[in-house]
Amino acid sequence: METRTCWQIQKAVVNALFLRELKTRFGSQKFGYFWAIMEPAAIIAVFWVMFGLSLRKTLPGIDYPMFLMTGMLPWQLFANITNRSMAAFEANRGLFNYRQVKPIDPLIARVFVEGLVYFTVFLLFMSLGKFLGFDAAIDDIFGLSLILAQLLFFSFSFGLLCAVIGTFSENYTKIIKIMLRPLFFSSGIFFTVATVPDKYKWLLLWNPILHFMELIRTYYFAAFQTQDASRIYTIFWTVGVSILALWLYSKLKNKIIAS
Amino acid sequence: MIRLEKVTKYFQTKTGRKYIMKDVCLDIPSGVNIGILGLNGAGKSTLLKMVGGIDFPNSGKIESDMNLSWPLSLTGGFQGSLTGKENAKLICRLYSKTDKDVKRALDFIFEFSELGDYFAMPVKTYSSGMRARLGFAMSLAFDFDCYLIDEILSVGDKKFKKKCMSAFNDLTVKRCIMLVSHNTKVLKKMCNAGIVLENGELNYFEDMDNAVKYYQSQL
């Protein structure tokens, strides 16, 4: 057998896992693709009916369904990766029997799958919005791509951190699952920071996801400019979480394989 | 050649460290078929896994210039929810360079395993014999220098065992195997050198017969 370099091997592994992931996520249940679209669509519809009318005035120049879409899809990307990462090592244990498969590989493959799915859904929703007569134009497409790529990387790192710690502590997994609920309501999916009373602002602004949301909308909508979110803050979190996750992973990698 | 350099491996239990190997140094030359003997819990599977690179010594090094198979065992290596074919395809993709190689390996696995319609059923529905068939067929689909086999020959029906044996007899002409088994007859037939593991010691015998004699004297 010919020898391959580390990179060739990891590429082959991630590619094989990517193809399998696509199949298991969408192939086994015939409605897989349908749910990837319907889940965010249903939530957007519900909140549109609940808040749409009252918020119309506070967001001049932005159609509320588009506003919801730009919050809901990034949130689902983050929450899905986090949720799926937590059980990833356990779920792929059988694969660690093959020495070229490292525990991080299924996570990388999964991030590619999620990225691809939500990119497609995003385009679909944009077209749908345009078709329904909303203003779906992107103000700064380069800036938007960058911040979404950063969110994807942040989600991956956070997922890796959850996966590593989750392998050794079930309590941690439970805490993260409990935390995702309030995070859903405080990450600015339905509101902008500007509408929050000043005395609560500082508390909400600890949440890095909220910063991501504000920045995503700043790049998406010409009529919106964030007053409170900081790009530096998101970069700080992204770098911090990724270094911590990779450091812990490299320390515990062999234990995860052998356990 | 497989080289063990001052390898120490222990498991942490509630009453302290349980040593499987303590400062073991050993050179196993290429082309030698090795049988591994030992009582339950002596560390046979762990040794095989460490050689295969999916378990790690607490200290020391294990090196090899050979192209080793993954450790074939009845427990690991499959995703139960996926079908036999999907499992095989994934592994073929891990070990092949082109789609053509994947296809060829997949055809071979289907043929050799004789699973028929069960090939398209989830692996969790398989019996241990069927799992052994699949795992064995998968490993034979690739050209390894050395095959690491953990007890897999002991399950399965006579016909399959016979098939495996003849496949291995063909193989061992140019390749080698490392075999964990409790069946001393099979070990004597397949292997020319032996390892007996006991109480943290690794005893190497250049003749399998002597290894079996030593092992039986311990019982």
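Quantities reported herein were computed from a predicted structural model and do not represent experimental measurements.

**With respect to the interface of chain A and chain B**
Okay, step 1: Tallying the contact residues gives 16 residues for chain A and 18 residues for chain B.
Okay, step 2: When contributions to the side of chain A that touches chain B are tallied by element, the ones reaching two or more residues are helix 1 (6–26) and helix 10 (231–258) of chain A.

**Structural notes on the packing of helix 3 (residues 64–86) of chain A against helix 6 (residues 141–168) of chain A**
Residues and elements named next belong to chain A.
Okay, step 1: Two elements in contact, helix 3 and helix 6, have axes whose closest approach is 8 Å; the angle formed by their N-to-C orientations is 25 degrees. As judged from the angle between their axes, helix 3 and helix 6 are roughly parallel. Considering only the axes of helix 3 and helix 6, their crossing is right-handed. Only Leu-148, Leu-151, Leu-152, Ser-155, Phe-156, Phe-158, Gly-159, Leu-160, Cys-162, Ala-163 and Gly-166 of helix 6 make contact with helix 3, whose side of the interface consists of Pro-74, Leu-77, Phe-78, Ile-81, Thr-82, Ser-85 and Met-86.
Okay, step 2: By residue class, the composition of the contact of helix 3 with helix 6 is 13 nonpolar, 5 polar and no charged.

**A closer look at the nonpolar core**
Residues and elements named next belong to chain B.
Okay, step 1: In terms of nonpolar packing, the biggest core is built from 126 residues, with Ile-36, Ile-149, Ile-177, Met-178 and Leu-179 touching the most fellow members.
Okay, step 2: Per-domain counts for this core show at least three residues from each of domain 1 (1–69 + 144–161 + 168–219) and domain 2 (75–143).
Okay, step 3: Apart from the residues lying within four places of it in its own chain, the contact partners of Ile-149 are Leu-72, Ile-177, Met-178, Leu-179 and Val-180.

**Observations regarding the sheet that holds strand 7 (residues 193–198) of chain B**
Residue and element names in this part refer to chain B.
Okay, step 1: The 5 strands are arranged 5-6-3-7-8 in an open sheet whose pairing can be described as mixed. Pairing within the sheet leaves two strands with one partner each, and these edge strands are strand 5 (146–150) and strand 8 (201–205). Averaged over all pairs of adjacent strands, the angle between their axes in this sheet comes to 15 degrees, without regard to strand direction.
Okay, step 2: In terms of strand pairing, strand 3 (residues 34–38) meets strand 7 through 5 bridges, oriented parallel.

**Let's talk about the domain arrangement of chain B**
Residues and elements named next belong to chain B.
Okay, step 1: Examined at the domain level, chain B breaks down into domain 1 (1–69 + 144–161 + 168–219) and domain 2 (75–143).
Okay, step 2: Just the C-alpha atoms count here: the centres of domain 1 and domain 2 sit 25 Å apart.
Okay, step 3: Contacts between the two partners involve 8 residues from domain 1 and, on the opposite side, 9 residues from domain 2.
Okay, step 4: Counted by class, the side of domain 1 that touches domain 2 contains 5 nonpolar, 2 polar and 1 charged residues.

**Quick look at the sheet that holds strand 2 (residues 16–28) of chain B**
Neighbouring strands of a sheet are bound in pairs by backbone hydrogen bonds; such pairs are parallel or else antiparallel.
All names here are of chain B.
Okay, step 1: With antiparallel pairing, 3 strands are arranged side by side in an open sheet as 2-1-4. Where the open sheet ends on each side, the last strands, each with one partner, are strand 2 and strand 4 (59–64). Ignoring strand direction, the axes of neighbouring strands in this sheet form an average angle of 25 degrees.
Okay, step 2: The sheet contacts of helix 1 (residues 44–51) involve strand 1 (2–13), strand 2 and strand 4, and relative to strand 1 the element is tilted by about 130 degrees.

**Considerations on unusual backbone geometry**
Residue and element names in this part refer to chain B.
Okay, step 1: Backbone geometry places Lys-6, a non-glycine residue, at a positive phi of 50 degrees.
Okay, step 2: Following the sequence through the fold, Lys-6 ends up in strand 1.
Okay, step 3: Classification of Lys-6 by C-beta neighbours within 10 Å gives partly exposed; the count is 13.
Okay, step 4: One non-glycine residue with positive phi stands out, namely Asp-23, at about 50 degrees.
Okay, step 5: Its place among the elements puts Asp-23 in strand 2.

**Considering the pairing of strand 6 (residues 176–180) of chain B**
Residue and element names in this part refer to chain B.
Okay, step 1: Summarising burial for strand 6: 5 of the 5 residues are buried, a large majority.
Okay, step 2: Neither face of strand 6 is open: one carries Cys-176, Met-178 and Val-180, the other Ile-177 and Leu-179, and all of them are buried.
Okay, step 3: Taken together, the 3 bridges between strand 3 and strand 6 define a ladder with parallel strand orientation. Looking at strand 6, one finds that Ile-36 is bridged to Val-180.

Conventions used here
- Residues numbered from 1 in each chain as written.
- Chains lettered and ligands numbered in written order.
- Predicted model: local features only at pLDDT ≥ 70, side-chain atom pairs only at ≥ 80, totals over all residues.
- Contact = placed C-beta atoms within 7 Å.
- Helix = DSSP H or I, 4+ residues; strand = E, 2+ residues; numbered from the N terminus.
- Axes fitted to C-alpha atoms, helices over the stretch in contact; angles between N-to-C directions.
- Parallel < 35°, antiparallel > 145°, perpendicular 65-115°, else oblique.
- Left-handed = near helix turned anticlockwise from the far one by under 90°.
- Nonpolar A, V, L, I, M, F, W, Y, C, P; charged D, E, K, R; others polar.
- Core = buried A, V, L, I, M, F, W, Y, C linked by C-beta atoms within 7 Å.
- Buried ≥ 20, exposed ≤ 12 C-beta atoms within 10 Å, placed from the backbone.
- Domains from an automatic or database assignment.
- Pairing = 2+ DSSP bridges.

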